[in-house]
Amino acid sequence: MKRVAVDVFIKKLSMLTAGMTTEVNDNFTSLTMEQLNYSPGNGEWSIAQCLEHLNAYYRYYIPVFKGKVANTLYNKPTETFTSSPMGRAVYLSVKLGKVQNVKRKLKARKEYNPLFNSSLKSDDPVKDYLEFQEQFAELLRESEQIDLRKTKCPLSLRPVVKLNLGDALAFITFHNERHIYQAKRVLKKLK
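Given the structure is predicted, the values throughout are model-derived calculations rather than measurements.

This next bit is on the overall build of the chain. For the chain, the helix and strand inventory stands at six helices and four strands. Mapped from its N terminus to its C terminus, the chain presents α and β elements in the order β-α-α-α-β-α-α-β-β-α. Residue burial in the chain is summarised as follows: out of 191 residues, 47% are buried. Restricting the contact set of the chain to residue pairs at least 6 apart, pairs at least 24 apart contribute 83%. Surface accessibility of the chain: about 10300 Å² in total, with carbon and sulfur atoms responsible for 53%.

Here we come to helix 6 (residues 165–190). Its 26 residues place the ends of helix 6 38 Å apart at the C-alpha level, agreeing with the 38 Å of an ideal helix rising 1.5 Å per residue. Within helix 6, 20 of the 26 residues are buried, which leaves the element mostly enclosed by the surrounding structure.

Turning our attention to the packing of helix 4 (residues 85–92) against helix 6. It is at 8 Å that the axes of helix 4 and helix 6 come closest, and there the two elements cross at 10 degrees. On the basis of the axis angle, helix 4 is roughly parallel to helix 6. On the side of helix 4, the interface is formed by Gly-87, Arg-88, Val-90 and Tyr-91, while helix 6 contributes Asp-167, Ala-170, Phe-171 and Phe-174. Tallied by class, the residues present in the contact of helix 4 with helix 6 amount to five nonpolar, one polar and two charged.

Glancing now at the packing of helix 1 (residues 6–27) against helix 5 (residues 125–143). Relative orientation and spacing of two packed helices are given, respectively, by the angle between their axes and the distance between those axes. It is the contact of helix 1 with helix 5, at a shortest axis distance of 10 Å, that shows an interaxial angle of 165 degrees. In terms of axis orientation, helix 1 runs roughly antiparallel to helix 5. Taken as a pair, helix 1 and helix 5 cross one another with a handedness that is left-handed. Together, Ile-10, Leu-13, Ser-14, Thr-17, Met-20, Thr-21, Val-24 and Asn-25 of helix 1 and Val-126, Tyr-129, Leu-130, Gln-133, Phe-136, Leu-140 and Ser-143 of helix 5 make up the contact between the two elements.

Before going further, it helps to examine the nonpolar core. With 50 residues, the main nonpolar core has Phe-28, Ile-47, Phe-65, Tyr-129, Leu-148 and Leu-169 as its most contacted residues. Taken together, the elements giving at least two residues each to this core come down to helix 1, helix 3 (47–71), helix 4, helix 5 and helix 6. Element by element, the count of residues in this core is highest for helix 3, at 12 residues. Beyond its immediate chain neighbours, meaning those up to four positions away, Leu-169 contacts Ile-10, Leu-13, Phe-65, Phe-136, Leu-140, Ser-143 and Leu-148.

What follows concerns the packing of aromatic side chains. Enumeration according to the criterion identifies 11 aromatic pairs in this entry. Each ring, one from Tyr-57 and one from Tyr-61, has its centre 6.3 Å from the other, and the planes form 5 degrees; the classification is stacked. Residue Tyr-57 and its partner Tyr-61 are both found in helix 3; the two are separated by four residues, about one turn of the helix. Tyr-61 shares its class with Tyr-57; the two are buried. One aromatic cluster is present, built from ring pairs that chain together Tyr-57, Tyr-58, Tyr-60, Tyr-61, Phe-65, Tyr-129, Phe-132, Phe-136 and Phe-171. When the ring centre of Phe-174 is taken as reference, the NZ or CZ atom of Lys-95 above it lies at 4.9 Å.

Quick look at the side chain of His-175 now. Here His-175 lies in helix 6. In contact with His-175, other than residues within four places in its own chain, are His-53, Leu-54, Tyr-57 and Val-94.

Before going further, it helps to examine the pattern of salt bridges. Side chains that differ in charge, positive against negative, can pair when their charged atoms come close. In total, this model carries four salt bridges according to the counting rule given. When the shortest N-O distance is used, the salt bridge between Lys-189 and Glu-44 registers 3.3 Å. Residue Lys-189 is located in helix 6, and its partner Glu-44 is located in the loop between helix 2 (33–36) and helix 3; the two are separated by 145 residues in the primary sequence. A relative accessible area of 47% places Lys-189 in the partly exposed class. One salt bridge in this structure joins Arg-141 and Glu-138, with 2.8 Å as the shortest N-O distance.

How each quantity is defined
Residues numbered from 1 in each chain as written. Predicted model: local features only at pLDDT ≥ 70, side-chain atom pairs only at ≥ 80, totals over all residues. Heavy atoms only, no water. Helix = DSSP H or I, 4+ residues; strand = E, 2+ residues; numbered from the N terminus. Buried < 20%, exposed > 50% of the residue type's maximum accessible area, 1.4 Å probe, protein only. Contact = heavy atoms within 4.5 Å. Areas by Shrake-Rupley, 256 points an atom, 1.4 Å probe, with all protein chains shown as cover. Expected span 1.5 Å × (residues − 1). Axes fitted to C-alpha atoms, helices over the stretch in contact; angles between N-to-C directions. Parallel < 35°, antiparallel > 145°, perpendicular 65-115°, else oblique. Nonpolar A, V, L, I, M, F, W, Y, C, P; charged D, E, K, R; others polar. Left-handed = near helix turned anticlockwise from the far one by under 90°. Core = buried A, V, L, I, M, F, W, Y, C linked by side-chain atoms within 4.5 Å. Phe/Tyr/Trp six-rings, centres within 6.5 Å; stacked < 30°, edge-to-face > 60°. Lys NZ or Arg CZ within 6 Å of the ring centre and 35° of its normal. Salt bridge = Lys/Arg side-chain N within 4 Å of Asp/Glu carboxyl O.

Function cannot be read off these values alone, since they describe shape.
Below, the structure is given as structure tokens:
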């Protein structure tokens, strides 16, 4: 992201997060487990698997974000935020295109892929996702009070690689948007 006011940046991420919460409430809370687990075909994820994938990321990132926000040495917020080149590349890799299309398919690593990792399965992936969304929305609000550029977060896939907190928040938001869109495509095939 080019230089943007921090409050505008957080507001954009918060609005996207609230929109995804609404989408899940409106579209998935009334579905049966059979409907949630419906897979449209060969290796395609069900709605439940999309949410379980996102929940797995949240299980890693929520505690990391909470720790960074609570314990950062950079507790003086700046007026603007600018993405790093690496951070921009990371969140753009998962961001939907302008017409809500997936620009390119990405392969999930086995530990985050519900087709390979049965430990991602939960009794109520929708409820779990909505609870994580609440926590993430709160973290977005709290993150306005610190320096988003100087506070660093380890990537879940490669912990030695660190993103600044702002880029990590953008990554999670756009990654969520991508998979909620994927789950909505599965829902259309159900009807």
